[in-house]
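As a plain string of letters, each chain reads:
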Amino acid sequence: MTHDAFALTGEDRERAADRLRVLDARKRGRRGLLIWLLLGPGVLVMLGENDGPSMLSYAATGASYGIGFFLPFIALTFAAAYFVQEMGMRLGAVTHRGYGELLFQRFGPFWGWFTLADLIVTNLITLITEIIAIRVGMSFFGIPSWVAVVVAVSLVVISAFGSRYSRWERISISLAIFNLLFIVSAVLAKPSPAAIGHALLTWSPIGVGSLQQLLLLVCSNIGATVTPWMLFFQQSATVDKGLTPRDIGEGRLDTAVGTVIATLAGCAALLAALPLFIHHVDVSKLTQGGAGYAQALQPYIGPWGATFFALGLIEAGAVAMLTISASTAYGLGEAFVGAGHSFNRPLDEAPVFYLANIGAAVLAGAIVLIPGLPLLQITLNANLLAVLLTPPALVFLLVMVNDRELMGRQVNALWNNVLGIALTVFITAAGTLYAAVAFVNTFWHAG
Amino acid sequence: MTPTSHHHRTEAHADDELIEGLEPDQLVANMSKPLPRMQLSRGWTVFFWALRLFVLLLTAMVVAVFVVDLRS
């Protein structure tokens, strides 16, 4: 295909302007500028996944089981996330098509809608939990619940308008960097370096508790790092940003930087909640209303530590509102051939995209305001649902990234496939084991 | 030269420079063309169905546990 046959659209012009800066930096050998310009989708997807329910899951894990097994386990799940997201980034850079777009075009609308339905359901539930996290964080400062809903929805609306992907991306990254606040809280919790070293080397002690609770936390931690929305988001954002096969190296670096920062922040959330484990504080009701973990931690990590934890929760929820709403928008926009699905387009050229982006946030906000909703249970089960619905999405990804017709020389290597299959089997096994144990405990032993 | 024709010529000149920033496949006109459907073998189709049904079964089990937990 050549350039000559087509006139540029507004979306082309916006993307081309960004790309010319990238090409110029590469031509001049300005490596630092090049990395800065190409940084974005990888950092955002990883910090977006350090969202409200994920940080609460890490805190619940630290408060219930300490650091023994779970500290290295969280690091391992992030390594798995890097591996999955690298494949999605590569697929987007080579094909210039989003995950949903490829799914619909290569496998047909039947499998496309099935996977998209998974995305919409898990995203709606996760968005609800993001607003809950913002609410819990804000309640530490005495801010009423409805403000959390207004802030969350307003953020999505304000960031979406401007018809420029790069603008949206930089707003989101500016917010996402505050994920590091959890590290300050962790430092103020004064965890023992020797205990951290012992945990990382030995993966022990595993702690005591019911098998069902242990499996729930294992699944929650997996669902905090490998989820369907991440696949949709990073691949589509890679396309929207305009990455090409030549940028794959920088795309990997972007994903790796995001992975490292997110791992540090995720482990920090676990470490920050460690005093609750040491002092045997009952954390089973902490996320339901009230200021939750931040308030419970205040006697142990001080008012500043608790403040940073609460601010971190607000940030985690806010960034995830942006990225998860965007993944819904990309997914739905890509389902309809010819419908615009880019932040580089104005509202009238991409109505489905913007309607899905803002509609998802508004719907989640409206649901959170329903009185008497079981917010605690929804939060705990959000990541679990993601674990159950991730395997089909991973299988489609593996098939596409092995498709020579699509990928050419960038097709998966053997080790990619071995790890990909092993990861898919592991996630399926974890979800199956939890579902079986919980089902037997509930319907068999209870009876 | 009228202001309108000058404007069009300037825009066309700017587009000539901008277009160098994109690969041909990155143009919206090219990205909007659907790719051909993959020919799925019977084995893959059966596998996709089996995985899908299994996932739906697990989801139903977890939702049932969720509902019972809520009632209790």
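**Looking at the confidence of the model for chain B**
Parts of the prediction with low pLDDT should not have their coordinates interpreted in detail. All names here are of chain B. Looking at chain B, the pLDDT average stands at 84 and 82% of residues meet or exceed 70. Taking the mean pLDDT of every element in chain B, the minimum, 63, falls on helix H1 (residues 3–18) and the maximum, 93, on helix H3 (residues 42–71). This prediction of the complex comes with two scores: 0.91 for pTM and 0.85 for ipTM.

**Here's the deal with helix H2 (residues 31–38) of chain A**
Residue and element names in this part refer to chain A. Where H2 is concerned, the buried positions are Leu34, Leu37 and Leu38. Seen from one end, H2 has its buried residues packed into an arc of 90°, which puts them on one side. Of the surrounding elements, those touching the buried residues of H2 are helix H1 (10–27), helix H3 (41–49), helix H9 (165–176), helix H13 (228–241) and helix H14 (248–272).

**Regarding the interface of chain A and chain B**
The parts lose accessible area when they come together, and the size of an interface is often stated as this lost area. Contacts between the two partners involve 62 residues from chain A and, on the opposite side, 43 residues from chain B. Carbon and sulfur atoms make up 73% of the surface buried where chain A meets chain B, a total of about 4900 Å² over both sides. At the boundary of chain A and chain B, one finds 1 salt bridge. One salt bridge in this structure joins A:Asp118 and B:Arg52, with 2.9 Å as the shortest N-O distance. Put simply, chain A and chain B have 10 residue pairs in polar contact (both at pLDDT 80 or more) between them. Of all elements in the fold, only H1, helix H6 (99–107), helix H7 (109–139), helix H18 (375–401), helix H19 (404–407) and helix H20 (414–445) of chain A reach the threshold of two or more residues within the side of chain A that touches chain B.

**A few points about a nonpolar patch on the surface**
Together, A:Phe110, B:Trp49, B:Leu53 and B:Leu56 make up an exposed nonpolar region whose accessible area comes to about 390 Å². Among the elements that take part in the nonpolar patch, H3(B) stands out by supplying 3 residues, more than any other. Its location among the elements puts A:Phe110 in helix H7. Taking relative accessible area as the criterion, A:Phe110 reaches 44% and is therefore assigned partly exposed.

**Structural notes on the packing of helix H4 (residues 52–65) of chain A against H14(A)**
Residue and element names in this part refer to chain A. Put simply, H4 and H14 touch, their axes get as near as 7 Å, and they point 45° apart. Between H4 and H14, the interaxial angle falls into the category oblique. In the packing of H4 onto H14, the handedness of the crossing is right-handed. Of the residues in H14, those touching H4 at Met55, Tyr58, Ala59, Thr61 and Gly62 are Ala265, Gly266, Ala269 and Leu270.

**Side note on the packing of aromatic side chains**
With the rule as written, the count across this model stands at 38 aromatic pairs over all chains. Measuring from centroid to centroid gives 5.3 Å for A:Phe69 and A:Phe73, while their planes differ by 20°, and the two rings are stacked. An identical accessibility class is assigned to A:Phe69 and A:Phe73; each is buried. Their ring planes at 65° and their centres at 5.5 Å tell us that A:Trp111 and B:Trp49 sit as a pair that is edge-to-face. Residue A:Trp111 is located in helix H7, and its partner B:Trp49 is located in helix H3; the two belong to separate chains. Each member of the aromatic cluster is reached from another via a ring pair, and the members are A:Phe107, A:Phe110, A:Trp111, A:Phe114, A:Phe396, B:Trp44, B:Phe47, B:Phe48 and B:Trp49. Looking at A:Arg170, its charged tip hangs above the ring of A:Trp36, at a distance of 4.6 Å from the centre.

Thresholds, definitions, all that
Residues numbered from 1 in each chain as written. Chains lettered and ligands numbered in written order. Predicted model: local features only at pLDDT ≥ 70, side-chain atom pairs only at ≥ 80, totals over all residues. Heavy atoms only, no water. pLDDT = per-residue confidence, 0-100. Helix = DSSP H or I, 4+ residues; strand = E, 2+ residues; numbered from the N terminus. Buried < 20%, exposed > 50% of the residue type's maximum accessible area, 1.4 Å probe, protein only. Arc of directions from axis to C-beta. Contact = heavy atoms within 4.5 Å. Buried area = accessible area lost by both parts, 1.4 Å probe. Salt bridge = Lys/Arg side-chain N within 4 Å of Asp/Glu carboxyl O. Polar contact = N/O pair within 3.5 Å; in protein donor to acceptor, adjacent residues only side chain to side chain. Patch = residues over 30% accessible without salt bridge, like charges linked within 9 Å, V, L, I, M, F, W, Y side chains within 5 Å. Areas by Shrake-Rupley, 256 points an atom, 1.4 Å probe, with all protein chains shown as cover. Axes fitted to C-alpha atoms, helices over the stretch in contact; angles between N-to-C directions. Parallel < 35°, antiparallel > 145°, perpendicular 65-115°, else oblique. Left-handed = near helix turned anticlockwise from the far one by under 90°. Phe/Tyr/Trp six-rings, centres within 6.5 Å; stacked < 30°, edge-to-face > 60°. Lys NZ or Arg CZ within 6 Å of the ring centre and 35° of its normal.

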